[in-house]
Amino acid sequence: MYSFTTLICTAKMHIIMATADAMSAIRVRKYDIERLKEFKMNDESAWETLARILNEYQHSLLQKKE
């Protein structure tokens, strides 16, 4: 019984760690958070706003190459 419980806990931990690998924490200055709020659309979180801005920037770089 002990080994079965250990197996379940290990499997759960791998699932949790696998989903955690996709995200990372970064430190952002309060000043920059306030700047991000200026670009926020609807109910976006700060990381969603930052991702959208980075995507738009990357897209503009691709257009300049063409």
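From a predicted model like this one, the values you see are computed outputs, not experimental measurements.

### A closer look at unusual backbone geometry
Of note in the backbone geometry, asparagine 42 takes a positive phi value of approximately 50° without being a glycine. Of note, asparagine 42 is situated in the loop between α2 (30–39) and α3 (46–65). By relative accessible area, asparagine 42 is classed as exposed at 75%.

### Topic: the confidence of the model for the protein chain
Overall, the predicted model of the protein chain reaches an average pLDDT of 74, with 67% of residues at or above 70. Mean pLDDT across the secondary structure elements of the protein chain bottoms out at helix α1 (residues 2–20), with 47, and peaks at α2, with 91. Low pLDDT, under 50, characterises residues 1–15; the predicted model gives this stretch zero contacts beyond four residues in sequence or across chains.

### Digging into the pattern of salt bridges
Overall, the coordinates contain five salt bridges when judged by the stated rule. Between aspartate 32 and arginine 29 there is a salt bridge, with its nearest N and O atoms 2.9 Å apart. For arginine 35, the salt bridge is made with aspartate 32, and the minimal N-O distance between the two is 3.1 Å. A residue pair is termed a helical-turn pair when its members lie 3 or 4 positions apart in one helix, as arginine 35 and aspartate 32 do in helix α2 at three residues.

### As for the environment of glutamate 38
Structurally, glutamate 38 can be placed in helix α2. Taking the C-alpha atoms as reference, glutamate 38 lies 9.7 Å from threonine 49; in sequence the two are 11 residues apart.

Thresholds applied
Residues numbered from 1 in each chain as written. Predicted model: local features only at pLDDT ≥ 70, side-chain atom pairs only at ≥ 80, totals over all residues. Heavy atoms only, no water. Helix = DSSP H or I, 4+ residues; strand = E, 2+ residues; numbered from the N terminus. Buried < 20%, exposed > 50% of the residue type's maximum accessible area, 1.4 Å probe, protein only. pLDDT = per-residue confidence, 0-100. Contact = heavy atoms within 4.5 Å. Salt bridge = Lys/Arg side-chain N within 4 Å of Asp/Glu carboxyl O.

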